[in-house]
Amino acid sequence: MSTPNKNLGTIEIRLKWDPSPLGETAHDLDLIAAAFSVEDPHGAPDHLVHFDARSPDGTIHLQRESRTGQGFGFDEVMSLEFERMSERLDRIVIGVAIQQRTGTKTFSGIPGTEAEIAEEYDTLATYDFSEVGDATAATIAVFRRTESGAWQLERAVRGFTDADPDAFAQLMGGVSV
């Protein structure tokens, strides 16, 4: 999937999931954005944005972060401001990783998991993680700068097994569509 031939403005990535049953370890999912430069679009990320970091220029930031999935609506929300993004960036890969505190949790073991990508009131994409149920982390989308300089959204659902959030962030560069 890709967006029509218009430049993307401010996008929100929204993630939600159901909390774990009482007495069990909390489900903790994290949104991660990996930004890649024009010089190295599939190598090491230029920078990562996740629960403890934001982009150096402030164009990618986590607005809301949950460690339990408790609350109403979306539990984590990340904003990307493409109209202000540096010319040196070529790709932004969006992923979701499950914190592995005790045992191994996969997407199929966390009910109500859903991600949504929206621009203002327009939903551009939704994901329910069913196609990566056995994974502990997954990419869901790639934003790529076109030759004209506009940003385009491409579906990039790929699951990773046994990838903790730190290892997963380094694997994201190899995701292509």
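Residues numbered from 1 in each chain as written. Predicted model: local features only at pLDDT ≥ 70, side-chain atom pairs only at ≥ 80, totals over all residues. Heavy atoms only, no water.

By the naming in an unreviewed UniProt entry, the protein goes by TerD family protein and is assigned to Streptomyces fungicidicus.

## A closer look at the environment of Val38
Defined as follows: Here a strand is any run of E in DSSP of at least two residues, a helix any run of H or I of at least four, and the numbering for each starts at the N terminus. Working definition: with a 1.4 Å probe on protein chains only, accessible area under 20% of the residue-type maximum means buried, over 50% means exposed, and in between means partly exposed. Residue contacts are counted whenever heavy atoms from the two residues lie within 4.5 Å of one another.
Assignment of secondary structure puts Val38 in the loop between strand 2 (29–37) and strand 3 (47–49). We classify Val38 as partly exposed; its relative accessible area is 44%. A C-alpha to C-alpha distance of 9.4 Å links Val38 and Arg145, two positions 107 residues apart in sequence. Once residues lying within four places of it in the same chain are set aside, the contact partners of Val38 are Glu87, Arg88, Leu89 and Asp90.

## Looking at the pattern of salt bridges
Rule in force here: A side-chain nitrogen of Lys or Arg and a carboxyl oxygen of Asp or Glu constitute a salt bridge if their distance falls within 4 Å.
By the definition in use, this model includes 7 salt bridges. The partner of Arg84 in a salt bridge is Glu81, and the shortest N-O contact between them spans 2.8 Å. Within the structure, one salt-bridge network assembled from shared partners comprises Glu12, Arg14 and Glu116.

## Examining the nonpolar core
We count it as follows: Only buried Ala, Val, Leu, Ile, Met, Phe, Trp, Tyr and Cys residues count toward a nonpolar core, and they belong to the same one when joined by side-chain atoms within 4.5 Å.
Counting 36 residues, the largest nonpolar core has Ile13, Ile92 and Phe143 as the members making the most contacts within it. The biggest single contributor to this core is strand 6 (residues 89–98), with 5 residues. Ignoring any residue separated from it by four or fewer positions in sequence, one finds Ile92 in contact with Ala33, Ala34, Ala35, Ile60, Leu80, Phe82, Met85, Ala141, Val142, Phe143 and Trp151. Counting 13 residues, the second-largest nonpolar core is a separate cluster that includes Ala34, Val93, Val142 and Met172.

## Digging into the side chain of Ser20
Our working rule: Think of a polar contact as two N or O atoms within 3.5 Å of one another; within protein, one of them needs to be a possible hydrogen donor and the other a possible acceptor, and neighboring residues in sequence only count if both atoms come from side chains.
Checked against the element boundaries, Ser20 lands in the loop between strand 1 (10–16) and strand 2. From its side chain, Ser20 meets the backbone oxygen of Glu24 in a polar contact 3.5 Å long. Of the polar contacts made by the side chain of Ser20, one reaches the backbone oxygen of Thr25; its length is 3.1 Å.

## As for the environment of Leu29
Along the chain, Leu29 turns up in strand 2. Overall, Leu29 belongs to the buried group, its relative accessible area being 0%. For the pair Leu29 and Thr113, spaced 84 residues apart in sequence, the C-alpha to C-alpha distance is 9.3 Å.

## Considering the environment of Pro111
One can find Pro111 in the loop between strand 6 and strand 7 (114–119). On the basis of relative accessibility, which here comes to 43%, the residue Pro111 falls in the partly exposed class. Each C-alpha atom of the pair Pro111 and Ser20 lies 8.6 Å from the other, and the pair is 91 residues apart in sequence. The residues contacting Pro111, other than those within four sequence positions of it, are Trp17, Asp18 and His27.

## Some thoughts on the packing of aromatic side chains
Under the convention used in this document: Side-chain rings of Phe, Tyr and Trp (the six-membered ring for Trp) are treated as a pair once their centres are within 6.5 Å; stacked means planes under 30 degrees apart, edge-to-face means over 60, and tilted covers the remaining angles. Throughout this description, the term charge over a ring refers to an Arg CZ or Lys NZ atom that lies within 6 Å of the ring centre and within 35 degrees of the ring normal.
Tallied over the full model, the rule gives 4 aromatic pairs. Aromatic pair Phe82 and Phe143: ring centres 4.9 Å apart, planes at 45°, arrangement tilted. Here Phe82 is found in the loop between strand 5 (76–81) and strand 6, whereas its partner Phe143 is found in strand 9 (residues 137–145), with 61 residues between them in sequence. By relative accessible area, Phe82 is classed as buried at 3%. Judged by its relative accessible area of 0%, Phe143 is buried. A connected cluster of aromatic rings, assembled from ring pairs, spans Phe82, Phe143 and Trp151. Between the NZ or CZ atom of Lys16 and the centre of the ring of Phe74, over which it lies, the distance is 5.1 Å. Its end group placed over the ring of Phe36, Arg91 keeps NZ or CZ at 5.2 Å from the ring centre.

## Digging into empty space enclosed by the protein
The test is simple: The rule is simple: put a 1 Å grid over the protein atoms alone, call a set of points where a 1.4 Å probe fits but cannot get out a cavity, call an open set with protein on both sides within 12 Å along at least five of seven lines a pocket, and count a residue as lining if it has an atom within 4 Å of a point. Grid points are joined across faces, edges and corners, and a volume is the space filled by probe spheres set on the points. Following the grouping adopted for this structure description, the nonpolar residues are Ala, Val, Leu, Ile, Met, Phe, Trp, Tyr, Cys and Pro, the charged ones are Asp, Glu, Lys and Arg, and the polar ones are all others, Gly among them.
For the structure on display, the rule yields 1 cavity of 30 Å³ or more. Computed from the structure, the largest cavity encloses a volume of approximately 30 Å³. Taken together, Thr25, Ala26, Gln99, Gln100, Arg101, Thr102 and Lys105 form the lining of the largest cavity. Grouping the constituent residues of the lining of the largest cavity by class yields 1 nonpolar, 4 polar and 2 charged.

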